[in-house]
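# Examination of the molecular architecture
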Amino acid sequence: MKKTLVMGASLNPSRYSNLAIVRLVDASHKVVAFGLKEGEVNGVNIDTELEQYDNINTVTMYLSAQHQKEYYAYIMSLNPKRVIFNPGTENPEFYKLLSEKSIQFEESCTLVLLSTNQY
């Protein structure tokens, strides 16, 4: 399975980023995660330092547009195939930068994509 980076991962089970990690792992996807608090969700360690992960296929965003700016260069340096902007994370400024680097992006919901087998 292709590797997904969850940006904005939370230890709180009521947060969508947490649920996304659980569902991605349950669907046998390889998952890495970045968040503000260190911990583990469904066997996935949440890193609080930016790691240069290899072979990232998808970055799924759970950070609001105002909190994404400091991570633009980092995310693009991972050269993902696509970035998913979950509801509430839409960011036209970042879309333009991703397009310039030929990185696909979509406004979608990771949880819906997984539940409908479109991930």
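Throughout what follows, the structure given in this document is the object of discussion. Keep in mind that this is a model prediction, so the values were computed, not measured.

## Quick notes on the pairing of strand β4 (residues 44-47)
Residues Val-44 and Ile-46 of β4 are buried on one face, while the alternating residues Asn-45 and Asp-47, pointing to the opposite face, are not. Where strand β2 (residues 30-34) and β4 come together, two bridges link them in parallel fashion. Opposite Ala-33, over in β4, you have Ile-46 as the bridge partner. Where strand β3 (residues 39-41) hands over to β4, the hairpin turn is made up of two residues, of which Asn-42 adopts a positive phi near 50 degrees.

## Digging into the side chain of Arg-82
Looking at where Arg-82 falls in the secondary structure, it is placed in strand β6 (residues 82-85). Engagement of the side chain of Arg-82 in a polar contact is seen with the side chain of Thr-58, the distance being 2.9 Å. At a separation of 2.7 Å, a polar atom in the side chain of Arg-82 contacts the main-chain carbonyl oxygen of Tyr-119. Not counting residues within four places of it along the chain, the set of residues in contact with Arg-82 comprises Asn-57, Thr-58, Val-59, Ile-103, Gln-104, Glu-106 and Tyr-119.

## With respect to the layout of surface pockets
Roughly 530 Å³ of internal volume is contained in the largest pocket. In this structure, the largest pocket is lined by 23 residues; those nearest its centre are Gly-8, Arg-15, Ser-17, Tyr-62 and Leu-63. Taken together, the residues of the lining of the largest pocket sort by class into eleven nonpolar, nine polar and three charged.

## Here we look at the packing of aromatic side chains
Taken as a whole, this structure holds five aromatic pairs when the rule is applied. Considering the side-chain rings of Phe-85 and Tyr-95, the 4.8 Å spacing of their centres and the 75 degrees angle between planes classify their relative orientation as edge-to-face. Here Phe-85, found in strand β6, pairs with Tyr-95, found in helix α4 (residues 92-100); they are ten residues apart in sequence, far enough to count as distant. Side by side, Phe-85 and Tyr-95 carry an identical accessibility label, which is buried. Plain terms: the ring middles of Tyr-95 and Phe-105 are 4.5 Å apart, the flat faces sit at 10 degrees to each other, and that makes the pair stacked. With Tyr-95 in helix α4 and Phe-105 in strand β7 (residues 104-107), this pair connects stretches of sequence that are ten residues apart. Grouping aromatic residues by their ring pairs yields a cluster made of Tyr-72, Phe-85, Phe-94, Tyr-95 and Phe-105.

## What to know about the pattern of salt bridges
According to the stated counting rule, one finds three salt bridges in the structure shown. The shortest N-O distance in the salt bridge between Glu-106 and Arg-82 comes to 3.3 Å. One end of the pair, Glu-106, is in strand β7; the other, Arg-82, is in strand β6, with 24 residues separating them in the sequence. Take Glu-106: its relative accessible area is 27%, and that puts it in the partly exposed class.

## Notes on α4
Turning to α4, its buried residues number three or more, namely Phe-94, Tyr-95 and Leu-98. Buried residues in α4, looked at end-on, bunch into an arc of 105 degrees, giving them a common side. Among the exposed residues of α4, those oriented more than 90 degrees off its buried face are Pro-92, Lys-96 and Glu-100. Contact partners of the buried residues in α4: α2 (65-68), α3 (72-77), β6 and β7. Just past α4, the residue Ser-102 takes up positive phi, approximately 60 degrees.

Reading the values: rules and limits
- Residues numbered from 1 in each chain as written.
- Predicted model: local features only at pLDDT ≥ 70, side-chain atom pairs only at ≥ 80, totals over all residues.
- Heavy atoms only, no water.
- Buried < 20%, exposed > 50% of the residue type's maximum accessible area, 1.4 Å probe, protein only.
- Helix = DSSP H or I, 4+ residues; strand = E, 2+ residues; numbered from the N terminus.
- Pairing = 2+ DSSP bridges.
- Polar contact = N/O pair within 3.5 Å; in protein donor to acceptor, adjacent residues only side chain to side chain.
- Contact = heavy atoms within 4.5 Å.
- 1 Å grid on protein atoms, 1.4 Å probe; cavity = no way out; pocket = protein on both sides within 12 Å on 5 of 7 lines; lining within 4 Å.
- Points joined across faces, edges and corners; volume = space filled by probe spheres on them.
- Nonpolar A, V, L, I, M, F, W, Y, C, P; charged D, E, K, R; others polar.
- Phe/Tyr/Trp six-rings, centres within 6.5 Å; stacked < 30°, edge-to-face > 60°.
- Salt bridge = Lys/Arg side-chain N within 4 Å of Asp/Glu carboxyl O.
- Arc of directions from axis to C-beta.

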